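Okay, here's what each chain looks like letter by letter:
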Amino acid sequence: MQIGLDFNLVEELVAGVDEVGRGPLCGPVVTAAVILDPLRPIEGLNDSKKLSEARREALFEEICQKALAWCIARAEVHEIDQLNILHATMLAMQRAVEGLSVQPRLALIDGNRCPQLAVPSAPVIQGDAQVPAIAAASILAKVSRDREMCALDLCYPGYGLSAHKGYPTPYHLEALQRLGPTIIHRRSFAPVRNLLEQSGAVVERVTIETASLLG
C-alpha cells in the first residue's frame, strides 16, 4: 500500500503547482503553489484525490506549518466565463506562484502545459502522484475549495454543494432545472448556458404573446 511520496525527491526552492475545480459548474477554480522544506519532511503526501477528507485536512495544516512558502490563489466565476476555464486556470496558477513569499528557482506544474511565469517552469503529467511539492499543492487547493463550497451550500441551499462540490452530478443537474442557476454558476458551461438560453426563450415568447394580446 502506498503511504506517500518519497521526500528524498524534494528539491530545494522548487515549487509545485496544482489546481482544483476545472470541472464544476459553479464556484472558482482554485490553485496552490508550495515550496517544501527538505529539512522538514511531511509523511503521507500524495495526490489529494487518493486521500481521505480527514487526512487531507490534517496534511493541510502540516503543509502550512512546515513548507518554506505556500500560496493559495484563484480565478473567479466571471473570469472563467470571460477567459474560458483553461486560461482562467493558467491565470490562477500564475497568481499562486507570484504570491509565494520565497521566489522559486523552478516551478513544476501538474498537467501538460504551464502558465506564463517570471521563473522557469516545466509541466509534469500526473505530477500530483509523483512530485511531493505538487501533491502538497493539490492538497492545499482541494481543501481550500472544498471548505468554500461547504460554506456556499449554506448561502445557496438546495443544490447539494457540500456533497458534490459543484460538479455536474445528477442531483446538481436536477437542482439546476428546478431552482435555476445562481450567481456562482458558470454561465459559459453548457448545462448552465442551455438553461439560461431556454429561460430567455420562454421570457421572450411570453413577452411577444402578451404584447399581441394587448395590441
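- The name an unreviewed UniProt entry assigns to the protein chain is Ribonuclease HII, from the organism Stutzerimonas xanthomarina DSM 18231.
- Taken verbatim from the UniProt record of the protein chain, the Catalytic activity (unreviewed entry) comment is "Endonucleolytic cleavage to 5'-phosphomonoester."
- For the record of the protein chain, the UniProt heading Function (unreviewed entry) holds the text "Endonuclease that specifically degrades the RNA of RNA-DNA hybrids."

**Points about the packing of helix α1 (residues 53–66) against helix α4 (residues 132–155)**
Here is step 1 of the chain: With their axes 9 Å apart at the nearest point, α1 and α4 run at an angle of 120 degrees to one another. You can see that α1 and α4 cross each other, and the crossing is left-handed. Contacts between α1 and α4 involve Arg56, Glu57, Leu59, Phe60, Glu61, Ile63 and Cys64 from the former and Ala136, Ile139, Leu140, Lys142, Val143, Ser144, Asp146 and Arg147 from the latter.

**A few points about helix α6 (residues 170–179)**
Two residues of an α-helix separated by three or four positions point the same way, owing to the 3.6 residues in each turn.
Here is step 1 of the chain: When α6 is considered as a whole, its buried residues turn out to be His172, Ala175 and Leu176. The arc that holds the buried residues of α6, viewed along the axis, is 105 degrees, so those residues lie on one side. The outward face of α6, more than 90 degrees from its buried face, is lined by the exposed residues Pro170 and Gln177.
Here is step 2 of the chain: In the segment just after α6, Gly180 is the residue with positive phi, at about 85 degrees.

**Examining the pairing of strand β4 (residues 106–110)**
Here is step 1 of the chain: Along β4, four of the five residues are buried, which leaves the element largely enclosed by surrounding structure.
Here is step 2 of the chain: Of the strand pairs in this sheet, strand β1 (residues 14–20) and β4 are connected by four bridges, and their pairing is parallel. When the bridges of β4 are listed, Ala15 appears paired with Ala107.

**Looking at the side chain of Thr182**
Here is step 1 of the chain: Tracing the chain through its elements places Thr182 in the loop between α6 and α7 (190–214).
Here is step 2 of the chain: Assessed through its relative accessible area of 9%, Thr182 is described here as buried.
Here is step 3 of the chain: When sequence neighbours within four positions are dropped, the list of residues in contact with Thr182 reads Tyr156, Tyr159 and Arg187.

**A few points about the packing of aromatic side chains**
Here is step 1 of the chain: A full pass over the atoms with the stated rule returns zero aromatic pairs.
Here is step 2 of the chain: Over the ring of Phe60 we find Arg147; its NZ or CZ atom is 4.4 Å from the centre of that ring.
Here is step 3 of the chain: Above the face of the Phe189 ring, Arg186 is positioned so that its terminal group lies 5.1 Å from the ring centre.

**Digging into the pattern of salt bridges**
Pairs may arise between side chains of opposite charge once their charged atoms sit close together.
Here is step 1 of the chain: Scanning the entire structure with this criterion turns up 12 salt bridges.
Here is step 2 of the chain: Residue Arg105 pairs with Glu11 through a salt bridge whose shortest N-O separation is 3.5 Å. On the criterion of sequence distance, the pair formed by Arg105 in the loop between α3 (85–98) and β4 and Glu11 in the segment before β1 is long-range, its members being 94 residues apart.
Here is step 3 of the chain: Using a relative accessible area of 46% as the deciding quantity, one classes Arg105 as partly exposed.
Here is step 4 of the chain: Taking the relative accessible area as the measure of exposure, Glu11 reaches 43% and is therefore partly exposed.
Here is step 5 of the chain: In this structure, Lys66 and Glu62 form a salt bridge, with 2.8 Å as the shortest nitrogen-oxygen distance. Note that Lys66 and Glu62 are positioned in helix α1 at a spacing of four residues, about one turn of the helix.
Here is step 6 of the chain: Overall, Lys66 belongs to the partly exposed group, its relative accessible area being 22%.
Here is step 7 of the chain: Beyond isolated ion pairs, a larger network of salt bridges with shared partners links Asp47, Lys49 and Asp128.

Cut-offs used in this document
Residues numbered from 1 in each chain as written. Predicted model: local features only at pLDDT ≥ 70, side-chain atom pairs only at ≥ 80, totals over all residues. Heavy atoms only, no water. UniProt positions renumbered as here; feature names shortened; annotations may be inferred. Axes fitted to C-alpha atoms, helices over the stretch in contact; angles between N-to-C directions. Helix = DSSP H or I, 4+ residues; strand = E, 2+ residues; numbered from the N terminus. Left-handed = near helix turned anticlockwise from the far one by under 90°. Contact = heavy atoms within 4.5 Å. Buried < 20%, exposed > 50% of the residue type's maximum accessible area, 1.4 Å probe, protein only. Arc of directions from axis to C-beta. Pairing = 2+ DSSP bridges. Phe/Tyr/Trp six-rings, centres within 6.5 Å; stacked < 30°, edge-to-face > 60°. Lys NZ or Arg CZ within 6 Å of the ring centre and 35° of its normal. Salt bridge = Lys/Arg side-chain N within 4 Å of Asp/Glu carboxyl O.

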